[in-house]
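Residue strings, one per chain:
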Amino acid sequence: MKKNLLTLGAGVAALTFSFAANAGNGTWTTESKGGFNSVSLYTPSTTSPVGNGKSLMVVLHGCTQPYTAFTTANLEDAAEQYGMVIAVPDAMYKAGYSCWSYWEGTISRTAGDYKNVITLAENLRDDSSYDIDADQVYVAGLSSGGAYAMTVGCLAPDVFAGMGLDAAPSTGTSSNGAFSLESNAAATATRCEGYAGSYASDFDTQITNTAYGTGDYTVPQGYGPQNADAMAIIYGVSEGATQNLTQDGVTFTETQYTDGRVSMIELAGVGHAWPGSTGASGSYIDDSSINYGTYLAKYFSENNKRVGPSNPYEPTISNTIVDAPLDGTTATVTANVEVPAVSTLTSIVVTVDSESRTVSTTSINELFTVSIGAHTATITVTVQGDDGNEYIATQTADFNNETPLCPELVEASGTVTTHYNAGRLTTQQYIDMGAEYGYVDTITIYQLEDGTWSDVDECNGEIIDPEVDTDGDGVLDINDAFPNDPTETTDTDGDGVGDNGDAFPNDASETVDTDGDGVGDNADAYPNDPTKWEEESSECATDEVSANATTHYVAGRLDVTEYNAMGATYGYINAFTLYEVNGDWTDVDPGC
């Protein structure tokens, strides 16, 4: 019997799910389909855990990225584990840098590559040899491919049950939008609904994931939340809780919206690339984070709104949450169980590790005592169908209540300009961080495992929470040069002393004027005397020489006027003494 996988609800604990690498029985082939000359195809030996038959995910490459890069991105793992056919077409109508031309030409179901992507999905779906469930067809993409995937998903929500948008500019933005954030969620939602036209009602059962890496300085990271919020507006759902998930030892952050309709993931340290996990390779394929293909396959299968139970007798388990505080010794398992009217509930068993409990209510809320470490929680529901058969639904959630060890990172403190001059930041990072922190404010950045530098600690996330005002002075920490001092917010000259307490806020060499004479203490020879600040001249000679006027003149001690005057006074051949006082020569003995 096929079990219906359901959504894991949002929780505060760090949930863990792990996938073993599966080479599978399928192979990558290259074919001409759907109007594309070249399509990389992977057909698994397995079927989807939900619905009937296999699912299909069309994946669109990014700019300058060859479509074949996805054949080494570990997508076959997702294919085999979730019974998913993968199709990666090479764009036919490319814009500059071999991008999908999401900002050019007519946007319609019958134009250019929009038509080709839809046709490719329909041809594969309708070919019985692939055994694809029409309710499980998805589209995903990276960068320009992500923007194109979003546009295709908006044009044909009847065809695509879900979208996966990685580092994707919003649909309808310009080519410049690939480098600076354009539009907003409301405008993006309006455009998307407009593209759908008469198919807009199919948004009722569509789902979307957006993804972005905190190390992406190519496409603005803000498109991740913007696209998620735009689709949430269309679907009529709201943002829910955020939780930490772990896939094969890599932790990432997921935000789930109502009923799993939208999810958004933030990947610490990942640059502008499709995450493929360990062993992945190829242009713009990241091997240091999670397997995004596997994440999407799991998210799609668990949240698909077009696939119901495989039969009318099966029970369903929904809203499962494991709340296990880090470094804590308890775990609370909550969930809801629904039993069809044509079945009778036999038992509900909740198991954590080796401890099993039978509960009598369909609203589960069980507290377990656990040791520190990795654990598995399982809910098993058994019913008796009116047809005389027994049906079992099972849902498993892994969790870890142990605080992960943070990597030891190299760090450097300085202004954004200092970091840039030292070669730690790219030009785009310099611009972004300057806009965020200010060019003269000191910030700490971290050297990541790949040698690049980031303002994000891979373990602890953002160094500055953009919503926090620690000292309560009305200026958020992200804009406050002194987040723990309510009397200071700005340090214009970058000398470490706030402008309010700096007597010279535009002079990094001075901060104090003790005597109030307008000259900083560092340059004031008399910092406690407002009547003077320059070192007074000495009245004592530092040297003296006896010679006639001509000798003094030739030696440079006298100028022409002085030579004539002293020659007239002493005679040009008579010797007389000159005294050096503060660098000048005089015939007057200073007397000391």
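Before any of the text, the structure's been laid out above.
Here is a short report on the structure shown in this document. (Residues numbered from 1 in each chain as written. Predicted model: local features only at pLDDT ≥ 70, side-chain atom pairs only at ≥ 80, totals over all residues. Heavy atoms only, no water.)

## Let's talk about helix α3 (residues 144-155)
Operational definition: Helix numbering and strand numbering both begin at the N terminus, where a helix is a DSSP run of H or I of at least 4 residues and a strand a DSSP run of E of at least 2. The span expected for a helix works out to 1.5 Å for each residue beyond the first. For every residue, the accessible area (1.4 Å probe, protein chains only) is compared with the maximum for its type, and the residue is labelled buried under 20%, exposed over 50%, or partly exposed between those bounds. Throughout, a residue-residue contact means that at least one pair of heavy atoms, one from each residue, lies within 4.5 Å.
Taking 1.5 Å as the rise per residue, α3 with 12 residues should run 16 Å; its terminal C-alpha atoms sit 16 Å apart, in good agreement. Of all 12 residues in α3, 12 are buried, a share of seventy percent or more. Where α3 is concerned, the buried positions are S144, G145, G146, A147, Y148, A149, M150, T151, V152, G153, C154 and L155. Looking at the buried side of α3, the elements it contacts are β4 (54-60), α2 (112-126), β6 (132-142), β7 (162-166), α4 (185-196) and α5 (223-235).

## Remarks on the sheet that holds strand β15 (residues 330-338)
Stated formally: Strands are labelled as partners when DSSP assigns at least two bridges between them. In this description, a line fitted to the C-alpha atoms serves as the axis of each element, helices being fitted only across the stretch in contact, and the angle between N-to-C directions of two axes falls anywhere from 0 to 180 degrees.
Sheet architecture is open: 3 strands sit in the order β14-β15-β18, paired in antiparallel fashion. Both edges of this open sheet fall to β14 (316-323) and β18 (363-369), since each of them pairs with a single strand only. Across the sheet, the axes of successive neighbouring strands diverge by a mean angle of 15 degrees, strand direction being ignored. Two strands pair when backbone bridges link them, and β15 and β18 are joined in this way by 7 bridges, in the antiparallel orientation. From the neighbouring strand, V333 faces β18, where its bridge partner is E366.

## Let's talk about the environment of A503
Counting through the fold element by element, A503 comes out in the loop between β25 (461-462) and β26 (543-548). Residue A503 is classed as partly exposed on the basis of its relative accessible area of 45%. Between the C-alpha atom of A503 and that of E366, which follows or precedes it by 137 residues, the distance is 62 Å. Once residues within four sequence positions are removed from consideration, A503 is found in contact with T511, V512 and D513.

## A few points about the pairing of strand β2 (residues 28-33)
By the bridge criterion, 5 bridges tie β2 to strand β3 (residues 36-42) in an arrangement that is antiparallel. Pairing of T30 across the sheet is with S40, part of β3. Connecting β2 to the antiparallel partner β3 that follows it, the hairpin turn spans 2 residues, and G34 within it adopts a positive phi of roughly 60 degrees.

## Regarding the environment of L326
Mapped onto the elements of the fold, L326 is located in the loop between β14 and β15. Classification of L326 as partly exposed rests on a relative accessible area of 41%. Remark: the alpha-carbon pair of L326 and M433, spanning 107 residues in sequence, is separated by 32 Å.

## Examining the sheet that holds strand β28 (residues 584-586)
Strand order in the open sheet formed by 3 strands is β26-β27-β28, with antiparallel pairing between adjacent strands. The open sheet terminates on both sides in strands that have one partner only, identified here as β26 and β28. Here the average twist between neighbouring strands, direction ignored, is 30 degrees. In this sheet, strand β27 (residues 575-581) lies alongside β26 in antiparallel orientation, the contact comprising 6 bridges. What sits directly across from D543, in β27, is E580.

## Quick word on the pattern of salt bridges
The condition is simple: What makes a salt bridge here is a side-chain nitrogen of Lys or Arg within 4 Å of a carboxyl oxygen of Asp or Glu, nothing more.
Counted according to the given criterion, the structure contains 8 salt bridges. A salt bridge links D126 to R125, with the shortest nitrogen-to-oxygen separation between them at 2.9 Å. A salt bridge links E355 to R357, with the shortest nitrogen-to-oxygen separation between them at 3.0 Å. With relative accessibility at 23%, the residue R357 sits in the partly exposed group.

## Description of the nonpolar core
Stated formally: Residue types Ala, Val, Leu, Ile, Met, Phe, Trp, Tyr and Cys, when buried and joined through side-chain atoms within 4.5 Å, form a set referred to as a nonpolar core.
Formed by 51 residues in total, the largest nonpolar core has its most connected members in L56, V117, F160 and M231. In terms of residue count, α3 provides more of this core than any other element does, 7 residues in total. Core analysis: the next-biggest nonpolar cluster, separate from the first, contains 36 residues, L75, Y82, V88 and Y295 among them.

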